[in-house]
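Chain by chain, the residues run as shown.
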Amino acid sequence: MSDRASGPSSVARPFPIDEVRRRFPALARAGRFVFFDNAAGAQIPAAVLDAVTDHLLARNVQRGGPYRHSREVDAAIARARESVAAFVNARSADEIAFGLNATSFIRAISLAVGQTIDSRPEIVVSDLDHEANVATWLALERAGARIVWWHARGGDDGARLDTADLAPLLTARTRLVACTMASNATGTLVDVADVARRAHEVGAEVFLDAVHYAPHGSIDVQALDCDYLVCSGYKVFAPHMGFAWCRREAINRLPIFREDFIPDVTPDKLEAGTYAYENVAGMDAAIGYLETLGGSADGASASGTRLRAGVSRADGLRAAMSAIAEYERGLSKQLLDEAERIPGVTVHGVTARNRLHERVPTLCFTVEGREASEVAAALAARDIGVRSGHMYSPRLMARLGLLPHGAVRASLVHYNTIAEVERFAAALRDAIDSAR
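Every chain is numbered independently, its residues counted from 1 as its sequence is written. With pLDDT at 70 or above as the cut-off, local features in this predicted model cover only qualifying residues; side-chain atom pairs require 80 or more to be listed or tallied, and sums for whole chains, interfaces and linings still use all residues. Note that the side-chain values use all heavy atoms of the structure and ignore hydrogens as well as water.

**Some remarks on the pattern of salt bridges**
The condition that has to hold: Definition used for salt bridges: Asp or Glu carboxyl oxygen within 4 Å of a side-chain nitrogen of Lys or Arg. Helix numbering and strand numbering both begin at the N terminus, where a helix is a DSSP run of H or I of at least 4 residues and a strand a DSSP run of E of at least 2. Here the term buried applies to any residue with accessible area under 20% of the maximum for its type, exposed to any over 50%, and partly exposed to those in between, with areas from a 1.4 Å probe on protein chains only.
All chains considered together, the criterion is met by 42 salt bridges. R329 is paired through a salt bridge with E326; the nearest N and O atoms lie 2.8 Å apart. Of this pair, R329 and E326 are both found in helix 12 (residues 313-340), three residues apart, which corresponds to roughly one turn of the helix. A salt bridge links E340 to R353; its shortest N-O distance comes to 3.4 Å. Taken as a pair, E340 in helix 12 and R353 in the loop between strand 9 (345-347) and strand 10 (362-367) lie far apart in primary sequence, 13 residues in all. Residue class for R353 comes out partly exposed when judged on its relative accessible area of 28%. Within the structure, one salt-bridge network assembled from shared partners comprises R153, D157, R160, D162, D165, R355 and E358.

**Quick word on the sheet that holds strand 13 (residues 407-411)**
Filter applied, for reference: Paired strands, as defined in this entry, are two strands with at least two bridges between them according to DSSP. For helices, the fitted axis covers only the stretch in contact; all axes are lines through C-alpha atoms, and the angles between them, taken along N-to-C directions, range from 0 to 180 degrees. Between two residues, a contact is recorded if the distance between any of their heavy atoms is within 4.5 Å.
In space, the four strands of this open sheet follow the order 9-10-13-12, with antiparallel pairing throughout. Edge positions in the sheet fall to strand 9 and strand 12 (387-389), since each has one partner strand and no second. Across the sheet, the mean angle separating the axes of adjacent strands is 30 degrees when strand polarity is ignored. Sheet topology places strand 9 next to strand 10; three bridges connect them, and they run antiparallel. Looking at strand 10, one finds that V347 is bridged to F365. Along the sheet face, helix 13 (residues 372-380) touches strand 10, strand 12 and strand 13 and points at about 170 degrees away from the line of strand 12.

**Notes on the sheet that holds strand 3 (residues 122-126)**
Read across the open sheet, the seven strands follow the order 2-8-7-6-5-3-4; overall the sheet is mixed. If you trace the sheet from one side to the other, it starts and ends with strand 2 (96-99) and strand 4 (146-150), each paired once. If you compare each strand with its neighbour and ignore which way they point, the axes differ by 20 degrees on average. Sheet topology places strand 7 (residues 228-232) next to strand 8 (residues 242-246); five bridges connect them, and they run antiparallel. Residue pairing for strand 8: C231 is matched across the bridge by F243. Most of the contacts of helix 4 (residues 68-88) go to strand 2, to which it runs at about 115 degrees, and overall it touches strand 2 and strand 8.

**Comments concerning unusual backbone geometry**
Peptide bonds are mostly trans, and most non-glycine residues show a negative phi. Cis geometry marks the peptide bond from T266 to P267; its omega dihedral reads 0 degrees. Along the chain, the position of P267 falls in the loop between helix 10 (248-253) and helix 11 (277-293). Omega for the bond connecting L403 with P404 falls within 30 degrees of zero, at 15 degrees, which places this linkage in the cis form. Of note, P404 is situated in the loop between helix 14 (394-399) and strand 13. Phi angles above zero are rare outside glycine, and M391 is one such case at about 60 degrees. Topologically, M391 is positioned in the loop between strand 12 and helix 14.

**Overview of helix 12**
The criterion, for reference: A helix is expected to span 1.5 Å multiplied by its residue count minus one.
An ideal rise of 1.5 Å per residue puts 40 Å on 28 residues; helix 12 measures up with 40 Å between its terminal C-alpha atoms. The buried count for helix 12 comes to 21 of 28 residues, which makes it a mostly enclosed element.

**Some words on the nonpolar core**
What counts is decided by this rule: Only buried Ala, Val, Leu, Ile, Met, Phe, Trp, Tyr and Cys residues count toward a nonpolar core, and they belong to the same one when joined by side-chain atoms within 4.5 Å.
If you look at the biggest cluster of nonpolar residues, it comprises 112 residues, and the most contacted ones within it are F87, F98, I219, L290, F365, F424 and L428. With near-sequence residues (within four places) excluded, F424 lies in contact with F36, L335, L363, F365, L379, I384, V386 and A410. Grouped together as the second largest cluster of nonpolar side chains are 28 residues, A112, V125, I147 and A244 included.

**Topic: the side chain of T292**
Under the convention used in this document: Counted as a polar contact is a pair of N or O atoms within 3.5 Å, where, for protein atoms, one must be capable of donating a hydrogen and the other of accepting one, and residues adjacent in sequence contribute only when both atoms are in side chains.
Assignment of secondary structure puts T292 in helix 11. Within the structure, the side chain of T292 is placed 2.7 Å from the side chain of R23, a separation counted as a polar contact.

**Things to note about the packing of aromatic side chains**
The test is simple: Note on aromatic pairs: the rings of Phe, Tyr and Trp (six-membered ring only in Trp) are paired at centre separations within 6.5 Å, and the planes decide the class, stacked below 30 degrees, edge-to-face beyond 60, tilted for the rest.
Counted under the stated rule, the structure contains twelve aromatic pairs. Each ring, one from F36 and one from F424, has its centre 5.6 Å from the other, and the planes form 50 degrees; the classification is tilted. Note that F36 is positioned in the loop between strand 1 (34-35) and helix 3 (46-58) and F424 in helix 15 (residues 418-434), a separation of 388 residues in sequence. Exposure remark for F36: the relative accessible area of 0% places this residue in the buried category. We classify F424 as buried; its relative accessible area is 3%. A ring pair is formed by F365 and F424, whose centres lie 6.1 Å apart and whose planes are at 75 degrees; its orientation type is edge-to-face. Here F424 lies in helix 15 and F365 lies in strand 10, a separation of 59 residues in the sequence. Taking relative accessible area as the criterion, F365 reaches 0% and is therefore assigned buried. One aromatic cluster in this structure is built from F24, F237, Y289 and Y415.

Keep in mind that these numbers describe shape and distance, not what the molecule does.
Structure representation (C-alpha cells):
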C-alpha cells in the first residue's frame, strides 16, 4: 500500500491543484458548493465524460460481433482491462473483471468461497469494515462457515485494526480473511500487506475491499500479495461501475456461477451478463487522467495517452498516486487543525500529525449536544456537502459508542483545497454557534 514513487517521475514538484480543478467541470458548475462527500461518489474529469459520450454515440452495441462497432467495443474493454491492470499492478489484464459495483463482486466471490470450506470453515471478518464486506461473509454461516471476528482496538485514535490481534485468530481451519484497506468511516488505514503475510502463513486467502482507499494511494496487488481485491469506479473519478482483481490461480479454482457457454476462467467467469460498457470506457479514461498527474503521459484520455520514454504505466500511476497522497496529507492536517480549534468537536480516527500516513483525508466527527444529521443539514444549508449516520459501518459506530445517531463525515479527494477546508470549518463553527 506504499505511496512512494520510484524512478525519474518521483521528482518533487508542486501539486497542480489549479489544473486539476479545471479538469472537473462539476466543480465550476457547482459555484460555491463544496463537495465534501466524495466517499459516497467522486466527480469525474471532462475526459471521462467525453469517453462515455463517445462510446454511446459511436459504439453503443453488444460486444462479440463481426462488425466494426462491435469490434470497437471489444477493443475498448481490452484497453480498460490493461489500464486497470496497470492501476493495481496486476500480472496481466486477464486478472481484471468488470461489473456493477464492488458489492456484487464480494457476493459472487463469497458464494463461491462458501462452496470450498470443507476442511477450512473459518472466515475472518472485522468490525472496522463496510457492511458489504461483512454481511456477505456472515451469510455463509448457512453453508457451514464459522465467522471469526477480528475486533478493532479502541483508544484515542478512534478504532483501528492491529495485525497483532489477527495472529491468534489464524489457524489451519482459516479459509479466508476479509478486510478493508481503509475505513470508509474514519479513513484509518490497515496494514493489509501484513494481513496477507500472516494469512498465507497458515494457508488462508485474503480478500481486500479497496473502495475507500483507491482514490488516495497506490495499489500494488503483487507487493500486497493478496488474493482478491474489489473496487467501485465511481469512487475513483469514473462512472458507476465496479472492478475486481483476482489472482488467476485463486479465482479459476472457485465455482463461480456462469452460463455454460461462458469460459470457466478469469475474467469471463466473473462477468455474468452484460454490464455498462460506456462506464468501463469511462473507467479507462479515469486511469488515463491519473496517469497525467504522474508525469508519465501527456494525453488526457486512456485511449490517447502517450507514455514518456522509460516510464511504465504502473510506474506512472504509482507516481501519480504518490503525488495525490502527499497533497492529501496536507488536507488531512488542515482538517485536523481546524477541527481541533472548534469547541465541542470530537474527531474519531487517527489525529496525531506524525501519523498522517496512517489515514486518508476523511474526517469523522461528532459535535457535543448535536445530532449528526442536524450538523450535516446545517452544513448543507451553508453549501457544504457532507454525510451523516453510520456510513454503512454500524459495527464500527457501535464500537465507538456513536449509535444510534452515528457521526458526521467529511471526505475529501485530491481536487479539494485548503481554502475549501477553511470554508468548511467556518461553516461548521457558524452552524454550532447559531444553534446555541
